[in-house]
Amino acid sequence: MSIDNTMDHQLAAAQALKYADELRQLHEIERAHRRGVEEALRRLEESYATTVRALAAALELRDDATGEHAERVTRLALRLAERVAPHLCRDPQLEYGFLLHDVGKIGIPDAVLLKEAPLDADERRELERHPLLGERILAQIPYLGGLARDVVVAHHERWDGAGYPLGLLGTGIPVAARVFALADAFDAMTNDRPYRLALSTAAALGEIEREASRHFDPVLAAQFVTLFADAEAA
Ligand SMILES: [Fe+2]
């Protein structure tokens, strides 16, 4: 091998090492950048969650003196969702929808929302506007959509098609809303209301079993009941 050839090889090797070092540095810069972006996204997600929680608590104070219904029903609905549709739980929109399910009630007059006597037909129609009012409110907030919208719009639909606002039937109702409807009904039954005292857990679960295939998805209703049986056995 000539001296010239040897020098060419040495130069090429040095050049290759230089490129390799530059690539390594670029890779480190890119990784640091990616970590920074991921951290920023995590913080943004946290601030979304905090804001949604604060909004849910503020909304609750209007018709629930304790302001705890949304958090309580959200915890219960998440427990059921983790059992029957764990893939949905990876999307934070699910929890946002649970927390803000009744956001549309902000547009319902006090005379209807806070009335302690049974509602007449007009008042009931007025109250039943809240899912679609909620959908309109969510549409104004860019980070709320998807599963959150499903819950807000469809949480009063019934398995037998007799719910509102759209009269959706069976699996035509988004699963997130079918899950939530069970937790919402159970929470309503097991807490005092102005017009009736709370039912026991056993009585509320019995009512849910009776309403399976009418009000509730029968498969989800059975899973909901076993949530309590499993918790008792644990
Ligand atoms: Fe509602």
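Relevant structure appears above.
Everything quoted here is computed from the prediction, not taken from an experiment.

About the criteria used
- Residues numbered from 1 in each chain as written.
- Predicted model: local features only at pLDDT ≥ 70, side-chain atom pairs only at ≥ 80, totals over all residues.
- Axes fitted to C-alpha atoms, helices over the stretch in contact; angles between N-to-C directions.
- Helix = DSSP H or I, 4+ residues; strand = E, 2+ residues; numbered from the N terminus.
- Parallel < 35°, antiparallel > 145°, perpendicular 65-115°, else oblique.
- Left-handed = near helix turned anticlockwise from the far one by under 90°.
- Contact = placed C-beta atoms within 7 Å.
- Nonpolar A, V, L, I, M, F, W, Y, C, P; charged D, E, K, R; others polar.
- Core = buried A, V, L, I, M, F, W, Y, C linked by C-beta atoms within 7 Å.
- Buried ≥ 20, exposed ≤ 12 C-beta atoms within 10 Å, placed from the backbone.

Participant: Tell me about the packing of helix H2 (residues 69-84) against helix H9 (residues 175-189), and please be specific about residues and values.
Facilitator: At a closest axis distance of 8 Å, the pairing of H2 and H9 adopts a crossing angle of 135 degrees. Relative to H9, the element H2 lies oblique. Here H2 and H9 pass one another in a crossing that is right-handed. Facing H2, whose interface residues are His69, Arg72, Val73, Leu76, Ala77, Leu80, Ala81 and Val84, H9 presents Val179, Phe180, Leu182, Ala183, Asp184, Phe186 and Asp187. When grouped by side-chain class, the residues that make up the contact of H2 with H9 number 11 nonpolar, 1 polar and 3 charged.

Participant: An account of the nonpolar core is needed here, citing residue identities and associated values.
Facilitator: Membership of the largest hydrophobic core comes to 41 residues, with the highest contact counts inside it found for Ala77, Val151, Phe180 and Leu182. At the level of elements, helix H1 (3-60), H2, helix H4 (92-99), helix H8 (146-154), H9, helix H10 (201-211) and helix H11 (218-233) are the ones that each hand at least two residues to this core. With 9 residues, the top contributor of residues to this core is H9. With residues up to four places along the chain from it excluded, the contact list for Ala77 reads Phe98, Val179, Phe180 and Ala183.

Participant: Mind laying out H4, listing which residues take part and the relevant values?
Facilitator: Taken across its 8 residues, H4 has 7 buried, putting it largely inside the fold. When H4 is considered as a whole, its buried residues turn out to be Gln93, Leu94, Glu95, Tyr96, Gly97, Phe98 and Leu99.

Functional significance is not addressed by these values, which are geometric in nature.
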